[in-house]
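As a plain string of letters, each chain reads:
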2 protein chains.
Amino acid sequence: MRIFAILTIFCCAFFYVNAQSRSASPNIVLIFLDDLGYGDLGVTGALEYQTPNIDKLAHEGMRFTNFETAQAVCSASRAGLLTGCYPNRIGIAGALRPKDSIGLNASETTIAEMLKQHGYATAAIGKWHLGHLKPFLPLQNGFDEFFGLPYSNDMWPADYLGNPAKPGTPKASFPALPLIRGNEKIAEINTLDDQARLTKMYTDEAVKFIKKNSKNPFFLYLPHSMPHVPIAASAPFKGKSKQGLYGDVIMELDWSVGEIMKTLKQQGLENNTIVIFTSDNGPWLTFGDHAGSSGGFREGKGTIFEGGHRVPCIMKWKGKIAEGVVCNKLASTIDILPTIAAITGSGLPELKIDGVSLVPVLEGKDVSPRKYFSYYYDGNSLKAVRMDDWKLMLPHNSQTYENIKTGNGGKGGETSFSLKVPLALYDLRRDPGERYDVKDLYPEITAALLKQADEVREDLGDNITKVEGKNRRPAGKL
Amino acid sequence: MRIFAILTIFCCAFFYVNAQSRSASPNIVLIFLDDLGYGDLGVTGALEYQTPNIDKLAHEGMRFTNFETAQAVCSASRAGLLTGCYPNRIGIAGALRPKDSIGLNASETTIAEMLKQHGYATAAIGKWHLGHLKPFLPLQNGFDEFFGLPYSNDMWPADYLGNPAKPGTPKASFPALPLIRGNEKIAEINTLDDQARLTKMYTDEAVKFIKKNSKNPFFLYLPHSMPHVPIAASAPFKGKSKQGLYGDVIMELDWSVGEIMKTLKQQGLENNTIVIFTSDNGPWLTFGDHAGSSGGFREGKGTIFEGGHRVPCIMKWKGKIAEGVVCNKLASTIDILPTIAAITGSGLPELKIDGVSLVPVLEGKDVSPRKYFSYYYDGNSLKAVRMDDWKLMLPHNSQTYENIKTGNGGKGGETSFSLKVPLALYDLRRDPGERYDVKDLYPEITAALLKQADEVREDLGDNITKVEGKNRRPAGKL
């Protein structure tokens, strides 16, 4: 037993030194789930299934509880994540469609471009959704490799149950869903069985990429297609959870995280790899039991309530980030780029970005990296602004999932934009559920936030008040 | 360094054996906070203050995310906790007042009585609230020692700011708030400065009790008076948090937890002590910034929504309960008595109880200890029933904290019972915020729960449908 203990100490010391020597270029693994709700993990309250691998990640890393996505829909969220900008600054709002001929502007710098210049091998494996035409695909945006779908897995000529779309519906005009390698279509996703293979395919590709690059720094961006509808799980996971198909799908994604972590360990990369896990937006609640859970936050995807915007986030870096820490500081997906820049010394993009480095909180300092998250946009409409934990709802009409007929079994429910949101001040410290308007109690804070809203409008514009915005940069166009 | 490692192994082995030899009688420390909301801890999302000691407890133990209090008000909740019964079974519903002449019936068995028969030293330090008259006090309910208040700290002839109560209000008729040792009043709590000393006084008493009993098994029940209004923090904590007085109060309670843990460690009791941390009910939201946060769950104290009923719970037993595990199984404060009985082999009370042992989940087994929590009572009114994660709201009028004028700075807001809750089925798996009625999607589950409601009414009665209930046992009467 003594010998074993001594050996352990030697080994640890060896790996530590080994990690230190490469610490300026740690590998980055960025796992990005699609429509995963805040409450969908074991560690955030999932009830009828387990996510042991993701929970372990949280236990061994830092879990953020106050983490905002850039915008609560697919394309805009991804644009913010990869560029460190509010999506509206760079002209990507809402979700791109297969008929759109725009995408990420070549003048914007992605995390991949930043790290490539710094000597990293880079890969995007999964859903892209920042422009499906060639000039906008990952290979033209700093990635050495791409394998996956150009956009959401529901943008195919079928409904959410895999049946051919009804003539006259938008879906009926969608082309077959292409699976792409590099810049080329290599196959089509035509059935739910095809969809069920996506998580495993992405995982296998990711494992291969890690193994291939175990001797050089790499950036692996793994934006899964699941649990976006139409959800599907592969045979070993079908029926595995007590929560039906949605639970099965999350359990397979959890398995995928486990495979990534296992590979990193096997390759001796655990000490030299930062793993970041988060989601693009909250759950798409209209799909009932095929949707995730906001964990009690109000509303879901496509709204500026916290149920749409607040996402789980975990960051692990063995030996560098303290284990099992819960960080409640306001932070956002747009902060990931500057955080990686600070850690790797890669240098920030030339054009103005909006993210801030989270390194101080990762080091355990009790500081707030950002005071404002003032850009709760829905498309190009500014619907709320936030300062610290004060969130001011600006008057607007909102999609709502409450008091409507919900869907189930893969069928969507009613869609309703009937919620009339008045000017209201929420104190997210005590009221993360956004139900108790306190603007009358805090008139000065309300006034400060109204002023802030004007500044935001002047900066990036607002469709509701018809303000143009002087610092918008255009999306890339064909 | 080698020698140190070897020494560490020897020491660990020594303590392990030492702990094993006493494992049938581990010490129990039960820390019970008052009106602490689900979201009030760092680990559950508190934003503007830290709770490092409680977070550490969670990191080293098991944290429950689906933990229901017995009833969402002071006295009933405590009755359930200490007897393992639904409070309505034993005649304690709602909150006792200083004029009431009832209390816990002597025929009921408390955790303290159970453990005392098993050779434990027992103490209650803090707020009792199960009858303030002598026959009902802790010393007559299995506790060797009592130090604290007989009921809530707001039951005094003053308002929540410490000003003398207005003539004609219920508070004006309250007697001075007595501080009791054993069965005797030893002082009065007359000012907010007195209130500010409570947390430290309780902590000092608790530390003394642990030290005194370090050589024999003990049960320490530590029901703090804070953060129940009127909230107050002692000088070292005043102004310490960024969230004003409420944050200060929680930080002092967190300090208290730290003192307890430090003492257990110093006394070499860490391996042989189970520490349980929970709260009596959700936050009293009418008090605005003097109330806690439900963390996104709907409503708060005094309602049968999860904001009232769902409480944080952590259980730590070094070497026995796996570290850092999040348990999402349905469990309740009424399960604590049978859990302790199972661990210590103390034998269950003679009269029927409702709790179930949580030992299987503490051992890490993937089992659900309880299928039902069917007794969401408000006073003697049955307002909801639950099976697994399905919660059926029975039609009722509810207190609500939404859309009313909230209080602040120690003043209460409006009180409103204006919420008309219709028959509605919530799926707490995906909808912990209780907003999406799915009864039309699941008619069979709705029917099963309606039947369950009838059985509950037959068992314990229901004021709304005027059913008597055949298994009610009476409270103790003078």
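Residues numbered from 1 in each chain as written. Chains lettered and ligands numbered in written order. Predicted model: local features only at pLDDT ≥ 70, side-chain atom pairs only at ≥ 80, totals over all residues. Heavy atoms only, no water.

Residue and element names in this part refer to chain A. Annotation of chain A at the domain level lists domain 1 (26-371) and domain 2 (374-477). Centre-to-centre separation of domain 1 and domain 2, based on C-alpha positions: 24 Å. Between domain 1 and domain 2, the residue contacts involve 45 residues of the former and 47 residues of the latter. For the pair domain 1 and domain 2, the summed buried area comes to about 3,700 Å², and 49% of that belongs to carbon and sulfur atoms. A per-residue breakdown of the area domain 1 buries against domain 2 is headed by Arg89, Arg298 and Ile304, which together make up 21% of the total. Taken together, the connections running from domain 1 to domain 2 amount to five salt bridges. The partner of Lys371 in a salt bridge is Asp388, with the nearest N and O atoms 3.0 Å apart. The interface formed by domain 1 and domain 2 includes 28 residue pairs in polar contact (both at pLDDT 80 or more). For the side of domain 1 that touches domain 2, the secondary-structure elements that each account for two or more residues are β4 (102-103) and α8 (306-309). Split by residue class, the side of domain 1 that touches domain 2 holds 19 nonpolar, 15 polar and eleven charged. (Domains from an automatic or database assignment. Contact = heavy atoms within 4.5 Å. Buried area = accessible area lost by both parts, 1.4 Å probe. Salt bridge = Lys/Arg side-chain N within 4 Å of Asp/Glu carboxyl O. Polar contact = N/O pair within 3.5 Å; in protein donor to acceptor, adjacent residues only side chain to side chain. Helix = DSSP H or I, 4+ residues; strand = E, 2+ residues; numbered from the N terminus. Nonpolar A, V, L, I, M, F, W, Y, C, P; charged D, E, K, R; others polar.)

Judged by how many residues are buried, helix α9 (residues 336-344) of chain B sits mostly within the fold: eight of nine residues are covered. Looking one or two residues beyond α9(B), the residue adopting positive phi is B:Gly345, at roughly 65°. (Buried < 20%, exposed > 50% of the residue type's maximum accessible area, 1.4 Å probe, protein only.)

Moving on: the state of the cysteines. Residue and element names in this part refer to chain A. Across all of its chains, the model carries zero disulfides over all chains by this definition. Here Cys74 is not disulfide-linked; the sulfur of Cys313 is the nearest cysteine sulfur, at 18 Å. Exposure remark for Cys74: the relative accessible area of 4% places this residue in the buried category. You can see Cys85 has no disulfide; the closest cysteine sulfur is in Cys313, sitting 18 Å from it. (Disulfide = S-S within 2.5 Å.)

Counting 56 residues, the largest nonpolar core has A:Val29, A:Ile31, A:Ile125, A:Phe218, A:Leu220, A:Leu264 and A:Phe277 as its most contacted members. Top element by residues in this core is helix α7 (residues 244-266) of chain A. It accounts for nine residues. Setting aside anything within four residues of it in sequence, one finds A:Ile31 in contact with A:Leu222, A:His224, A:Val257, A:Val275, A:Ile276, A:Phe277 and A:Thr278. Within the second largest apolar cluster, 54 residues are counted, among which are B:Val43, B:Phe174, B:Ile189 and B:Ala291. (Core = buried A, V, L, I, M, F, W, Y, C linked by side-chain atoms within 4.5 Å.)

What follows deals with the pattern of salt bridges. Residues and elements named next belong to chain B. Scanning the model with the defined rule gives 80 salt bridges over all chains in all. Of the charged contacts, one joins Glu60 and Lys56 as a salt bridge, the two residues approaching to 3.1 Å between their closest N and O atoms. Here Glu60 pairs with Lys56, and both are found in helix α2 (residues 52-60), just four residues apart, close to one helical turn. Exposure remark for Glu60: the relative accessible area of 18% places this residue in the buried category.

Here we come to the relation of the copies chain A and chain B. Structural alignment of chain A on chain B gives an RMSD of 0.0 Å, achieved by rotating through 180° and translating 0.0 Å along the axis. Taken together, the rotation and translation describe the operation of a two-fold axis. By C-alpha distance to the rotation axis, the residue of chain A lying nearest is A:Gly296, at 2.4 Å. Residue by residue, 100% of the interface of chain A is reproduced at the interface of chain B, so both copies engage with the same surface. (Least-squares fit on C-alpha atoms with pLDDT ≥ 70 in both.)

Residues and elements named next belong to chain A. Burial of strand β16 (residues 390-393) is two-sided: the residues Trp390 and Leu392 facing one way and the residues Lys391 and Met393 facing the other way are all buried. Pairing geometry for strand β15 (residues 381-387) and β16, over four bridges, is antiparallel. Paired with Val385 across the strands is Leu392, a residue of β16. Of the pairings in the sheet, the one linking β16 to strand β19 (residues 424-427) comprises four bridges and is antiparallel in character. (Pairing = 2+ DSSP bridges.)

Across the boundary between the two partners, chain A contributes 57 residues, which contact 57 residues of chain B. With both chains or domains summed, chain A and chain B bury close to 4,400 Å², and 52% of this area falls on carbon and sulfur atoms. On the chain A side of the interface with chain B, the three residues burying the most area are A:Leu47, A:Arg430 and A:Tyr436, jointly 17% of the side's total. Counting across the chain A and chain B interface gives two salt bridges. For the salt bridge of A:Lys405 with B:Asp440, the shortest nitrogen-to-oxygen distance reads 3.9 Å. The tally of links from chain A across to chain B stands at twelve residue pairs in polar contact (both at pLDDT 80 or more).

It is a general feature of regular strands that their side chains alternate between the two faces of the sheet. Residue and element names in this part refer to chain A. Note: strand β7 (residues 177-181) against strand β8 (residues 184-189), five bridges, orientation antiparallel. In the sheet register, Leu177 faces β8, and the bridge partner there is Ile189. The hairpin turn running from β7 into β8, its antiparallel successor, is two residues long, and Gly182 in that turn takes a positive phi close to 65°.

Moving on, we come to the sheet that holds strand β1 (residues 27-33) of chain A. Residue and element names in this part refer to chain A. Read across the open sheet, the ten strands follow the order β8-β7-β6-β5-β9-β1-β10-β11-β2-β12; overall the sheet is mixed. Only two strands of the sheet have a single partner each, and these edge strands are β8 and β12 (325-327). With strand direction ignored, the average angle separating the axes of adjacent strands in the sheet is 15°. Where β1 lies against strand β9 (residues 218-223), five bridges are found, and the strand directions are parallel. Bridge assignment links Leu30 to a residue of β9, and that residue is Tyr221. (Axes fitted to C-alpha atoms, helices over the stretch in contact; angles between N-to-C directions.)

This brings us to the environment of A:Ile404. Residue and element names in this part refer to chain A. In this fold, Ile404 is placed in the loop between β17 (396-400) and β18 (416-421). Classification of Ile404 by relative accessible area gives buried; the value is 15%. Sequence spacing of Ile404 and Ile180 is 224 residues, and the spatial spacing of their C-alpha atoms is 38 Å. The contacts of Ile404, once residues within four sequence positions are left out, are Glu414 and Ser416.

Bringing empty space enclosed by the protein into the picture now. A full pass over the atoms with the stated rule returns 13 cavities of 30 Å³ or more. Here the largest cavity is characterised by a volume of approximately 400 Å³. Looking at the largest cavity, it is lined by 31 residues, and the ones nearest its centre are A:Tyr38, A:Thr44, A:Gly295, B:Tyr38 and B:Gly295. Its residues assigned to classes, the lining of the largest cavity comprises 13 nonpolar, twelve polar and six charged. Estimated volume of the second largest cavity: approximately 200 Å³. As for the second largest cavity, its lining consists of 19 residues, of which A:Tyr436, A:Val438, B:Leu285, B:Gly288 and B:Thr406 are closest to the centre. For the lining of the second largest cavity, the class distribution of residues is six nonpolar, seven polar and six charged. (1 Å grid on protein atoms, 1.4 Å probe; cavity = no way out; pocket = protein on both sides within 12 Å on 5 of 7 lines; lining within 4 Å. Points joined across faces, edges and corners; volume = space filled by probe spheres on them.)

All told, the structure shown has 35 aromatic pairs over all chains when counted by the stated rule. Residues A:Phe32 and A:Tyr221 carry aromatic rings whose centres are separated by 6.5 Å and whose planes lie at 40° to one another, so their mutual orientation is tilted. In this pair, A:Phe32 sits in strand β1 while A:Tyr221 sits in strand β9, placing the two residues 189 residues apart along the sequence. Across from the ring centre of B:Trp284, 4.0 Å away, lies the NZ or CZ of B:Lys301, which sits over that ring. Over the ring of B:Tyr376 we find B:Lys391, and its NZ or CZ is 4.2 Å from the ring centre. (Phe/Tyr/Trp six-rings, centres within 6.5 Å; stacked < 30°, edge-to-face > 60°. Lys NZ or Arg CZ within 6 Å of the ring centre and 35° of its normal.)

Another aspect to go through is unusual backbone geometry. Cis geometry is found at the peptide bond from A:Val229 to A:Pro230, where omega equals -5°. Relative to the helices and strands, A:Pro230 is located in the loop between β9 and α7. In this model, B:Met226 is joined to B:Pro227 through a cis peptide bond whose omega is 0°. Considering the arrangement of structural elements, one finds B:Pro227 in the loop between β9 (218-223) and α7 (244-266). Notably, B:His129 is not glycine yet its phi reads approximately 70°, a positive angle. Secondary-structure assignment places B:His129 in the loop between β5 (121-127) and β6 (145-149). Unlike most non-glycine residues, B:Asn403 shows phi in positive territory, near 55°.

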